[in-house]
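# Coordinate inspection notes
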Amino acid sequence: MESAYFDTSALVKRYVTESGSRWINSLLVFPCTLTVFTSQLTLVETTCAFSRRVREGSLSSQDYEELLKALSA
């Protein structure tokens, strides 16, 4: 079994399209055999990253709510 550590910047790329998103998503193609680990702080930091995008106008409030649900699943 392969494993990888995703920091906040890698995890955000999974949910928001930006430079590097294609590569991150290619690692997680079904059927995925990669086990991903992350820090407990990543949830807080990712939520902050999504909130910043809402404030900047690059992410809608509705998308923000949907991303939070997906992140906690």
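Each value, and the rule that gives it
- Residues numbered from 1 in each chain as written.
- Predicted model: local features only at pLDDT ≥ 70, side-chain atom pairs only at ≥ 80, totals over all residues.
- Heavy atoms only, no water.
- Helix = DSSP H or I, 4+ residues; strand = E, 2+ residues; numbered from the N terminus.
- Rg over C-alpha atoms; globule rule 2.2 N^0.38 Å.
- Buried < 20%, exposed > 50% of the residue type's maximum accessible area, 1.4 Å probe, protein only.
- Contact = heavy atoms within 4.5 Å.
- Areas by Shrake-Rupley, 256 points an atom, 1.4 Å probe, with all protein chains shown as cover.
- Lys, Arg positive; Asp, Glu negative; His and termini not counted.
- Charge placed at Lys NZ, Arg CZ, Asp CG, Glu CD.
- Axes fitted to C-alpha atoms, helices over the stretch in contact; angles between N-to-C directions.
- Parallel < 35°, antiparallel > 145°, perpendicular 65-115°, else oblique.
- Left-handed = near helix turned anticlockwise from the far one by under 90°.
- Salt bridge = Lys/Arg side-chain N within 4 Å of Asp/Glu carboxyl O.
- Core = buried A, V, L, I, M, F, W, Y, C linked by side-chain atoms within 4.5 Å.
- pLDDT = per-residue confidence, 0-100.

This part is about the overall build of the protein. The secondary structure content of the protein amounts to four helices and two strands. Counted from the first residue to the last, the protein has its helices and strands arranged as β-α-α-β-α-α. By the compact-globule yardstick of 11 Å for 73 residues, the protein fits well, its C-alpha radius of gyration being 13 Å. With the principal axes as the frame, the protein shows a C-alpha extent of 40 × 25 × 20 Å. Here the protein holds 73 residues, and the buried ones make up 29% of them. Sequence separation of at least 24 residues holds for 58% of the intrachain contacts in the protein that already meet a minimum separation of 6. As displayed, the protein has an accessible area near 5300 Å², and 56% of this comes from carbon and sulfur atoms. Placing the 7 positive and 8 negative side-chain charges of the protein at their respective mean positions leaves the two points 3 Å apart.

The subject of this paragraph is the packing of helix α3 (residues 41-56) against helix α4 (residues 61-72). Close contact between α3 and α4 brings their axes to 10 Å; oriented N to C, the two are set at 165 degrees. Judged on the interaxial angle alone, α4 and α3 are roughly antiparallel. With respect to the hand of their crossing, α3 and α4 are arranged in right-handed fashion. For the pair formed by α3 and α4, the contact residues are Leu43, Thr46, Thr47, Phe50, Ser51 and Val54 on the first element and Ser61, Tyr64, Leu67, Leu68 and Leu71 on the second.

All told, the structure shown has three salt bridges when counted by the stated rule. Note that glutamate 18 and lysine 13 form a salt bridge whose closest N and O atoms lie 2.9 Å from each other. A relative accessible area of 26% places glutamate 18 in the partly exposed class. Connected through salt bridges with shared partners, the residues Lys13, Glu18 and Arg53 form a single ionic network.

Here is a general trend for soluble globular proteins: nonpolar side chains tend to be buried in one another's company. Formed by 14 residues in total, the largest nonpolar core has its most connected members in Phe6 and Phe50. Going through the elements one at a time, α1 (8-15), α3 and α4 are the ones with two or more residues in this core. In contact with phenylalanine 50, other than residues within four places in its own chain, are Val12, Tyr15, Val16, Leu59, Tyr64, Leu67, Leu68 and Leu71.

Attention now moves to the confidence of the model for the protein. On average, residues of the protein score 92 in pLDDT, and 99% of them are at 70 or above. Per-element mean pLDDT across the protein ranges from 91 in strand β2 (residues 34-37) up to 95 in α3.

A few words now on the environment of leucine 71. With respect to the secondary-structure elements, leucine 71 resides in helix α4. Each C-alpha atom of the pair leucine 71 and arginine 14 lies 9.8 Å from the other, and the pair is 57 residues apart in sequence. Residues within four places of leucine 71 in sequence aside, it is in contact with Leu11, Tyr15, Leu43, Thr46, Thr47 and Phe50.

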